[in-house]
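Residue-level listing of the chains:
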Amino acid sequence: MLGLVLAAGAAIMTAAPVAAALRVVATTTDMAALVAVVGGDLVEVETIVPPATDPEAFEPRPSDLDRVRHASLLVRVGLGYDFWLDALINQVGDKRLMRGGEGYLDASTGLPLLEIRGQSVVNEGGHAHGVANPHYWLDPANAVIVTAGIAEALFRVAPAERNRIFANREHFLAELAARRQRWSAMLAPFAGVKLIAYHNSWPYFARRFRLDVIDFIEPKPGVAPSPAHVAHLIGEGREAKVRAIVHEPYEPEDASRLLAQKLGVPFVRLATSVGSLPQTRDYLALLEFNVATLARALSERSP
Amino acid sequence: MEGALSVLLLPFTVSVAFVLIHAYFGVHVLRRNIVFADLALAQLSALGASVAFANGYAPASPAGFGYALLFTAIGAALLTLSRGVTRFVSREAFVGILYVVATAATILVVDRSPQGAEHVKRILIGSILTVEPADLAKFVALYAAIGLLHWVLRRPLLSVSSESRPEGRSALAVSAWDFVFFLSFGVVVTSSVTTAGVLLVFSFLIVPAVIGAIFSRQLLVVLLVAWSVGILSSAAGLAGSYVLDLPTGAAMVAAFGLSLVIAGLVKALIFTDAGQRYANWRMAACAIAASALVLVLLSSLWLIINPTADQPLAAVFERATGLGPAHFLGERDRDTYESATRDMVRFQGEVDRLNSQEKAARYQGAPLPDDEIRRIASYQQSFSEMTRGEQFVQEVLRGKARSRERWTVGLPAIVVAILGLGLLARSLRRNRST
């Protein structure tokens with residue numbers, strides 16, 4: 001009996017902070033992971049796109065509408081990557097959550113963006129990457145800017161918690177700085193290494209760690225590579241002395257494996273987002289995994 | 001050329017194996033008049049594979065194959081029952097329902113498992129280009145076994161396929177033979193769909209068999225025609241996909257479609273008795289002329305009604321003759337049009353230059369600082385917008401040119417088209433009266 005009362009008490013105690021927490025809804029797991037490090041236990045983060053799903057091919061469902069409706073803060077990747085969020089926001093119709101509202105954050109704001117196409121989202125060749133390449137979270141330096149944006153947005157919706165938010169972010173940045181040094185050192189011997197990737201997901205990662213992604217297996221998402229393209233990649237890969245084939249977790253493997261086998265180089269599966277592989281539970285783990293996996297694969301082959 | 005062969009040889013060999021077994025089953029399927037049964041069976045086996053996948057088994061594992069086979073057997077049993085449905089509705093309705101429900105169930109199952117979308121995509125499109133030698137060995141062994149089974153059982157299997165109520169066989173025996181047919185069919189389709197995709201498997205199955213049926217009623221002739229056409233179409237599709245740089249599966253399906261058109265023409269214009277052949281040639285010529293004239297007439301009318309809208313025929317005409325919109329503009333407008341064309345190229349060149357400069361700096365020389373990246377980004381943005389601006393200028397001027405073309409080109413074309421159609425109608429009428 002006493003046990004029951006205690007258990008009930010414990011349940012209330014653990015439930016209490018959740019009820020008080022700010023509900024933050026992020027479109028992808030990567031944004032959710034960065035919100036989690038800044039918000040700590042102040043926030044309860046929910047994600048719309050499940051991990052290991054292509055956000056550009058995502059179809060929102062009724063429960064997502066509910067999620068958006070009850071959010072204190074919405075965090076999106078932006079750049080046309082999670083374009084379907086606009087439809088959800090419009091349907092909810094809450095001014096606070098619309099572009100410019102206090103509960104809206106486009107995390108791409110202020111970043112040094114790569115592969116810009118223009119100001120408006122255009123659909124070029126079936127490619128929804130409208131404004132710029134959207135995979136900016138794969139550069140750890142960009143996490144500094146993105147977390148600054150998140151901290152500012154959290155200040156807006158919870159001004160009283162300023163100090164805690166600030167402290168959380170400082171703690172994260174200290175850890176990030178230490179790891180970044182280590183990551184750079186791990187990949188430093190492979191600066192300038194040539195790679196072929198399945199999709200164009202790696203420009204930010206490549207810039208930070210000085211890699212050369214020379215070509216892509218599937219240049220247009222969803223359109224299988226033609227035999228001429230595969231033959232071209234084999235020739236190009238031999239000539240450029242490509243050292244590995246980089247593959248995203250949610251794409252078909254056959255073409256990447258075929259190419260890796262023809263070129264005699266390792267097939268390396270790297271994670272593009274938090275949670276897309278079991279080893280990538282949070283943001284730091286994501287980069288840790290990618291850096292370590294790539295460094296291991298490249299050192300196996302180095303003379 | 002060597003590159004092409006090294007990439008295409010294996011897919012072609014696998015295609016030949018597919019054609020040999022699928023065209024044979026296609027003949028059966030056409031006789032049974034259940035064209036979409038393969039889609040239903042393939043989708044049920046995909047559902048089985050998805051259930052296995054959701055339970056953590058790899059699609060190629062024995063457990064994965066077991067699930068797929070189990071669901072295929074269920075599908076075979078349901079299709080066997082469909083013989084009874086024919087009393088109320090056509091069998092095709094039943095098959096169609098089976099297909100959509102199985103597809104929806106697959107989506108619901110994979111929705112709960114990571115990488116489900118990839119799985120669904122693979123089933124639809126397949127990846128015949130990346131097939132492996134081990135797969136080929138598996139296919140050959142499996143198809144040889146099933147081919148042998150069907151050779152041994154050819155009499156009962158053909159009779160239940162060809163007749164709606166086979167004489168001298170009990171209902172139970174008919175059902176049993178039906179089940180054997182559908183199960184072996186399901187196993188074949190299950191094996192091929194993961195490699196070739198639903199669309200291509202359907203083409204392997206139906207198109208060669210249809211072409212065979214156009215030319216003969218004799219089973220052996222039908223099969224020989226179907227096999228050769230299937231192999232030729234596969235080769236043409238693969239070659240086309242290589243030369244024109246197209247996705248392989250879709251290019252092959254298009255090649256099968258094209259071969260059906262060619263086969264229809266060959267049958268009508270060559271493989272008919274002499275009198276009929278002359279009439280057919282004449283009809284074909286008239287049909288081509290009439291459709292060309294109607295096309296010109298409609299396009300010209302469209303040009304007159306709405307000159308600034310998309311004008312596909314005018315665009316083809318401009319490209320073919322080199323008479324671009326600039327020829328129909330005043331001197332000032334022409335200069336603007338031409339400078340817009342030049343500027344577009346120049347701005348795009350600037351964007352490309354900045355892009356390659358930034359790309360090279362990722363791994364060569366000193367890395368670019370963030371502010372430099374931002375500066376490049378804002379230049380790229382401006383140049384892209386300026387390119388779009390020039391594009392807009394071109395569109396406006398093209399509209400202006402077309403507004404003039406509508407009287408100088410559109411009106412004469414209408415007159416010519418109407419005269420041509422009148423002449424054609426008169427010659428047809430005279431021909432009929434003689």
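The structure displayed is predicted, hence computed values, not measured ones.

Asker: Lay out the pairing of strand β7 (residues 244-247) of chain A in plain terms, naming residues and giving numbers.
Answerer: Along any regular strand the residues' side chains alternate between the sheet's two faces. All names here are of chain A. Burial along β7 is two-sided: A244 and V246 facing one way and I245 and H247 facing the other are all buried. In terms of strand pairing, strand β5 (residues 194-197) meets β7 through 3 bridges, oriented parallel. When the sheet's bridge partners are listed, A197 is paired in β7 with V246. Handedness of the crossover is the feature at issue here: the chain leaves β7, passes through helix α9 (residues 254-263), returns alongside strand β8 (residues 267-269), and the resulting connection is right-handed.

Asker: Lay out the pattern of salt bridges with the relevant residues and their values.
Answerer: Evaluation of the coordinates by the stated rule reveals 30 salt bridges over all chains. A salt bridge links E161 of chain A to R164 of chain A, with the shortest nitrogen-to-oxygen separation between them at 3.6 Å. Classification of E161 of chain A by relative accessible area gives partly exposed; the value is 25%. With a relative accessible area of 40%, R164 of chain A lands in the partly exposed category. With a closest N to O distance of 2.8 Å, D370 of chain B and R207 of chain A form a salt bridge. In this pair, D370 of chain B sits in helix α14 (residues 370-433) while R207 of chain A sits in helix α7 (residues 203-209), so the two residues belong to two different chains. The network of salt bridges with common partners includes R23, E46, D64 and R67 of chain A.

Asker: Residues and numbers for a nonpolar patch on the surface, please.
Answerer: Residues V294, L298, L301, W302 and I305 of chain B make up a contiguous nonpolar surface patch of about 470 Å² in total accessible area. Residue L298 of chain B is classed as exposed on the basis of its relative accessible area, which comes to 52%.

Asker: Which residues make up the interface of chain B and chain A, and what values go with them?
Answerer: On the side of chain A, 45 residues touch chain B, which itself brings 42 residues to the contact. Summed over both sides, the interface of chain B with chain A buries roughly 3,400 Å², with 53% coming from carbon and sulfur. One can count 3 salt bridges joining chain B with chain A. If you look at where chain B meets chain A, you find 11 residue pairs in polar contact (both at pLDDT 80 or more). Of the residues forming the side of chain B that touches chain A, the biggest block, 9 residues, is contributed by α14 of chain B. Split into classes, the residues belonging to the side of chain B that touches chain A amount to 17 nonpolar, 13 polar and 12 charged.

Asker: How would you sum up the nonpolar core? Please name residues and give values.
Answerer: Within the largest apolar cluster, 80 residues are counted, with the highest numbers of intra-cluster contacts made by Y136, L154, F205 and Y283 of chain A. A total of 10 residues in this core trace back to one element, the largest contributor, which is helix α10 (residues 283-301) of chain A. Residues V14, L44, L157 and V222 of chain B belong to the second largest nonpolar core, which totals 77 residues.

Asker: Tell me about helix α3 (residues 62-69) of chain A, and name the residues and values.
Answerer: All names here are of chain A. Those residues of α3 lying buried are D64, L65 and V68. Looking straight down α3, one finds that the buried residues subtend no more than 105° of arc, so they occupy a single side. Looking at the packing, one finds that the buried side of α3 touches β3 (73-76) and α4 (84-92).

Asker: An account of the packing of helix α2 (residues 37-54) of chain B against helix α3 (residues 62-85) of chain B is requested, with residue identities and associated values reported.
Answerer: Residue and element names in this part refer to chain B. Packing of α2 against α3 brings their axes to within 7 Å, and their N-to-C directions diverge by 145°. Between α2 and α3 the crossing geometry is right-handed. Residues A37, L41, L44, S45, L47, G48, A49, V51 and A52 of α2 form the contact with α3, whose own contacting residues are A63, G64, Y67, A68, F71, T72, G75, A76 and L79. Its residues assigned to classes, the contact of α2 with α3 shows 13 nonpolar, 5 polar and no charged.

Asker: Mind laying out the confidence of the model for chain B, listing which residues take part and the relevant values?
Answerer: Residue and element names in this part refer to chain B. For chain B, the average pLDDT comes to 86, and 95% of its residues sit at 70 or higher. Highest mean pLDDT in chain B belongs to helix α9 (residues 219-243) (93); lowest belongs to helix α5 (residues 116-125) (68). Across the assembled chains, the prediction reports ipTM 0.79 with pTM 0.77.

About the criteria used
Residues numbered from 1 in each chain as written. Chains lettered and ligands numbered in written order. Predicted model: local features only at pLDDT ≥ 70, side-chain atom pairs only at ≥ 80, totals over all residues. Heavy atoms only, no water. Buried < 20%, exposed > 50% of the residue type's maximum accessible area, 1.4 Å probe, protein only. Helix = DSSP H or I, 4+ residues; strand = E, 2+ residues; numbered from the N terminus. Pairing = 2+ DSSP bridges. Right-handed = clockwise from strand over helix to strand, strands pointing away. Salt bridge = Lys/Arg side-chain N within 4 Å of Asp/Glu carboxyl O. Patch = residues over 30% accessible without salt bridge, like charges linked within 9 Å, V, L, I, M, F, W, Y side chains within 5 Å. Areas by Shrake-Rupley, 256 points an atom, 1.4 Å probe, with all protein chains shown as cover. Contact = heavy atoms within 4.5 Å. Buried area = accessible area lost by both parts, 1.4 Å probe. Polar contact = N/O pair within 3.5 Å; in protein donor to acceptor, adjacent residues only side chain to side chain. Nonpolar A, V, L, I, M, F, W, Y, C, P; charged D, E, K, R; others polar. Core = buried A, V, L, I, M, F, W, Y, C linked by side-chain atoms within 4.5 Å. Arc of directions from axis to C-beta. Axes fitted to C-alpha atoms, helices over the stretch in contact; angles between N-to-C directions. Left-handed = near helix turned anticlockwise from the far one by under 90°. pLDDT = per-residue confidence, 0-100.

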